[in-house]
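Results of the structural survey
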Amino acid sequence: MSSAPFKLDANASSESLNSAYEQLHAQHQKFIADGLSLDLTRGKPSTKQLDLSNALLASTPEDFLDSTIDLRNYGVLDGLPKAKQLFGTLLGVDEETAEQRVFVGGNSSLSLMHYTLWFAHHLGLHAKQQAWRKEGDESGEHIKMLCPCPGYDRHFSVCEQLGVEMIPVPLTGAGPDMDIVEALIKADPNIKGIWCVPRFSNPTGEVYSAATVARLAELPKHASKNFYVLWDNAYSLHAFTDQAPSLASIEHAAEAAGTLDQIIQFGSTSKMTFAGAGIGYMASSEQTIAAFRKHFAMASIGSDKLNQQRHINFLSDLASTKDHMALHAEIMAPKFEAVAKALHDHFDDSDLGVWSNPQGGYFVSFDTRPGLAKKVVALAAEAGVKLTPAGATFPNGNDPEDKNIRLAPSFPEIGEVNKAMQVFVNCVKLASVEQAMQQ
Ligand SMILES: Cc1ncc(COP(=O)(O)O)c(C=O)c1O
């Protein structure tokens, strides 16, 4: 299979299109005959990454001794003090204030986000009269959420479940387009929040600029009291190199702006230790965490403190967590280099695709020519390469231009990533040529 950049001239003759089609189709048939079974659908850590945390499995009863708390029993709803300190520092919260400003619970940040929205919608996070649903019922208007796109499909499904209307907002490469965000919020009091994945965004990989962070921290000033910036910092420590762009502290910006009550940060160890057997955490102002805790107390008598203690023992502090994440980066970086190389080799200087070159996180975002994402994903599936469904990166699964595809190369081994990319680039070319033949 040729790896020279592929050109598709706007004035290509039907003969040259037919000939390109024949070659690409033949290659596609060969891939089908190979009977591949490769999966680039979800951002899952690979087995080698999971192995990095196997020490978590090797605990002894002494590891769980605590002079004040019997970790085996109920209680301590909002997390062990040391867990709050550790995970608070990962979100930029000072150790001194972590006790009041951090909540550690469960094994997933997504469930903490889901709870937050559920409480805000049905009960009012801070006060009953501020429940979104009540406001919606009284005004007869939809409650709305701003969704920078392309974005994380599960943020969108939470909104969908609650009947919250999603308003797509473009991303700029340095975060959401803030002129649009501010204009929308000023014009519509029914907009109650904005989803943000500020570092190595899912799927574009972009890092919000300091100016964007500052403007986001100011947003609550233009909005109603029950408006929240949902700061899903899932990939805060997931850089591939030390040179990757850092993220300005929303903590500091919010403190300066006096908006901390309405800025809620989330994170988890899902992609640091064991996905699904890690720890979820969140941080906000003392008042907001207290409000969340009060609601959460109806749902739980306390989280798994044994797992919290295991994580404290294993990760210890910010510095050693960063060292641990450097080991993840050694495994991840070559896979992302393989994706970047395949795209570069085949599509540089062509207009068949535009893609992100993330310096961390779990995803690469690829835009086909408009109208081709679904087709490419279907062709890849035919050839044994599963990709995230086209459209998943937009609210209600609807990519208006049908062009965005999320590539998630973390789970397969490098050889499989290379193979999957050969299939993928051929599918993009094939779909693009077919489209050109129909025009
Ligand atoms: C942006 C983002 N947030 C949250 C999650 C899920 O995290 P958790 O496992 O902590 O629920 C993911 C997983 O892919 C993600 O990409």
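Residues numbered from 1 in each chain as written. Predicted model: local features only at pLDDT ≥ 70, side-chain atom pairs only at ≥ 80, totals over all residues. Heavy atoms only, no water.

**Some thoughts on the environment of Gly361**
So the rule is basically this: Put simply, DSSP marks the helices as runs of H or I at least four residues long and the strands as runs of E at least two long, and each gets a number from the N terminus on. The contact rule is simple, with two residues in contact once any of their heavy atoms fall within 4.5 Å.
Residue placement: Gly361 occurs in the loop between β9 (353–355) and β10 (364–368). In this structure the C-alpha to C-alpha distance between Gly361 and Glu286, which are 75 residues apart in sequence, comes to 29 Å. Those residues in contact with Gly361, other than ones at most four positions away along the chain, are Phe200, Tyr235, His238, Phe240, Met332 and Phe336.

**Some details on the site of the ligand**
Defined as follows: Residue proximity to a molecule or strand is established when one non-hydrogen atom of the residue lies within 4 Å of it. Here a polar contact is taken to be a pair of N or O atoms separated by no more than 3.5 Å, where protein atoms must pair a possible hydrogen donor with a possible acceptor and residues adjacent in sequence count only if both atoms sit in side chains. Residue-level accessible areas treat just the shown protein chains as cover; the underlying method is Shrake-Rupley with a 1.4 Å probe. Polarity classes work like this: nonpolar for Ala, Val, Leu, Ile, Met, Phe, Trp, Tyr, Cys and Pro, charged for Asp, Glu, Lys and Arg, and polar for all others, with Gly in that last group.
If you check the shell around the ligand, you find 13 residues, and the closest are Asp232, Tyr235, Ser268, Ser270 and Lys271. A distance of 2.6 Å is found between an oxygen atom of the ligand and a side-chain nitrogen or oxygen belonging to Ser268. Separating an oxygen atom of the ligand from a side-chain N or O atom of Ser270 is a distance of 2.6 Å. For the ligand, the accessible surface in isolation is 400 Å², of which the surrounding protein chains cover 87%. When its residues are assigned to classes, the shell around the ligand shows six nonpolar, five polar and two charged.

**Here's the deal with the sheet that holds strand β5 (residues 191–196)**
This is how the line gets drawn: Two strands qualify as a pair provided DSSP detects at least 2 bridges between them. For helices, the fitted axis covers only the stretch in contact; all axes are lines through C-alpha atoms, and the angles between them, taken along N-to-C directions, range from 0 to 180 degrees.
Taken in spatial order, the seven strands line up as β2-β8-β7-β6-β5-β3-β4 in an open sheet, and their pairing is mixed. At either end of the open sheet lies a strand with only one pairing partner, and these are β2 (102–104) and β4 (165–170). Shown here is a sheet whose adjacent strand axes are inclined to one another by a mean of 20°, direction ignored. In this structure, strand β7 (residues 263–268) lies alongside strand β8 (residues 280–283), joined through four bridges in antiparallel fashion. Looking across to β8, one finds that Gly267 is bridged to Tyr281. Where helix α3 (residues 81–90) meets the sheet, it contacts β2 and β8, and its direction lies at approximately 115° from that of β2. Running over the sheet, helix α5 (residues 109–123) touches β2, β3 (144–149), β5, β6 (228–232), β7 and β8 and is turned about 150° from β7.

**A closer look at the domain arrangement of the chain**
Interface size, as often reported, equals the accessible area lost upon joining of the parts. Stated precisely, the cut-off is as follows: Just so you know, the domain bounds were taken from an automatic or database domain assignment. Here the quantity called buried area is the accessible surface, traced with a 1.4 Å probe, that two parts lose on coming together, added over both. In what follows, salt bridge is the name for a side-chain nitrogen of Lys or Arg lying within 4 Å of a carboxyl oxygen of Asp or Glu.
Taken as a whole, the chain is organised into domain 1 (14–49 + 323–438) and domain 2 (74–316). Inter-centroid distance (C-alpha atoms) of domain 1 to domain 2 is 30 Å. Taken together, the contact between domain 1 and domain 2 spans 26 residues of the former and 31 residues of the latter. For the pair domain 1 and domain 2, the two sides together bury roughly 2,300 Å², of which 64% comes from carbon and sulfur. Contact with domain 2 buries area across many residues of domain 1, yet Met325, Gln359 and Pro395 alone supply 25% of it, more than any other trio. Between Arg42 and Asp153 there is a salt bridge, and its shortest N-O distance comes to 3.1 Å. Counting residues per element, the ones that place at least two in the side of domain 1 that touches domain 2 are α13 (318–347), β10 and β12 (404–407). Broken down by class, the residue content of the side of domain 1 that touches domain 2 amounts to 13 nonpolar, eleven polar and two charged.

**What to know about the nonpolar core**
Put simply, the rule reads: Here, nonpolar core refers to any group of buried Ala, Val, Leu, Ile, Met, Phe, Trp, Tyr and Cys residues whose side-chain atoms link them within 4.5 Å. Exposure is judged per residue with a 1.4 Å probe applied to protein chains only, and the accessible area is read against the type maximum: over 50% gives exposed, under 20% gives buried, and values in between give partly exposed.
Ranked by size, the top nonpolar core spans 57 residues in total, and within it Leu343, Leu387, Leu407 and Phe424 carry the most contacts. Residue assignment for this core shows that the elements contributing at least two residues are α1 (14–34), β1 (38–40), α13, β10, α14 (373–382), β11 (385–387), β12 and α15 (414–438). Looking at this core element by element, the count peaks at twelve residues for α15. Once residues within four sequence positions are removed from consideration, Phe424 is found in contact with Leu343, Phe366, Val376, Leu387, Ile405 and Leu407. Within the second largest apolar cluster, 29 residues are counted, among which are Cys147, Val158, Ile264 and Phe292.

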